[in-house]
Amino acid sequence: MSDNLNLAYDYPLLGAFWTMMWIFLWILWITLLFRVIGDVFRDDSLSGWGKTGWTFFVIIMPFLGIFVYLVARGRDMGKREHQAARARQESLDAYFQGHAGSSGPADELTKLSELKSKGVLTETEFQHAKQKVLAS
């Protein structure tokens, strides 16, 4: 029983902090790499050769490639991300508006009340149509 493992002695607190810092920096680096590659492919102003060149540069020499990309094109990364988010939101809104449509009972009742206020429908016709809408 004399072969005890003294993990705290073999791995001091400063070593644990140092390891955690390197893990954090590695995850940060991978995240930055994916954001840059995503931005390269999201940008419509780059030609196919430009996208190929930046991707090749970032993959072959990742540290230098990322830093050069951030210096050269980093200012507009946020704008392109914002435009992409806006396009996704507009697409989602259009999808919901197209599928929701105006077939709900509230819309039908609104149309009926407009027709009644314009004088197209009489009170009895309005009540009859309202009962049909509410029954369905």
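Residues numbered from 1 in each chain as written. Predicted model: local features only at pLDDT ≥ 70, side-chain atom pairs only at ≥ 80, totals over all residues. Heavy atoms only, no water.

Engineer: Lay out the side chain of Asp43 in plain terms, naming residues and giving numbers.
Structural biologist: By secondary structure assignment, the location of Asp43 is in the loop between helix 2 (13-42) and helix 3 (48-60). What makes Asp43 buried here is its relative accessible area of 5%. Contacts of Asp43, omitting those with residues within four sequence positions, involve Lys51, Arg73 and Arg80. (Helix = DSSP H or I, 4+ residues; strand = E, 2+ residues; numbered from the N terminus. Buried < 20%, exposed > 50% of the residue type's maximum accessible area, 1.4 Å probe, protein only. Contact = heavy atoms within 4.5 Å.)

Engineer: A description of the packing of helix 6 (residues 105-118) against helix 7 (residues 123-135) should follow, citing residues and the corresponding values.
Structural biologist: At their nearest, the axes of helix 6 and helix 7 sit 10 Å apart, and the two run at 175° to each other. When the interaxial angle is binned, helix 6 and helix 7 end up roughly antiparallel. Listed contacts from helix 7 to Pro105, Glu108, Leu109, Leu112, Ser113 and Lys116 of helix 6 are Glu123, Phe126, Ala129, Lys130, Val133 and Leu134. Here the residues of the contact of helix 6 with helix 7 are counted per class, giving seven nonpolar, one polar and four charged. (Axes fitted to C-alpha atoms, helices over the stretch in contact; angles between N-to-C directions. Parallel < 35°, antiparallel > 145°, perpendicular 65-115°, else oblique. Nonpolar A, V, L, I, M, F, W, Y, C, P; charged D, E, K, R; others polar.)

Engineer: Account for helix 3, with residues named and values stated.
Structural biologist: A rise of 1.5 Å per residue sets the reference length of helix 3, with its 13 residues, at 18 Å; its end C-alpha atoms lie 18 Å apart and thus fit the reference within 8%. Of all the positions in helix 3, only Gly50, Lys51, Trp54, Thr55 and Val58 are classed as buried. Within helix 3, the buried residues cover an arc of 125° as seen down the axis, which keeps them to one side. Exposed positions of helix 3 whose direction lies more than 90 degrees from the buried face are Trp49, Phe56, Ile59 and Ile60. Structurally, helix 3 contributes buried residues whose contacts are with helix 2 and helix 4 (62-73). (Expected span 1.5 Å × (residues − 1). Arc of directions from axis to C-beta.)

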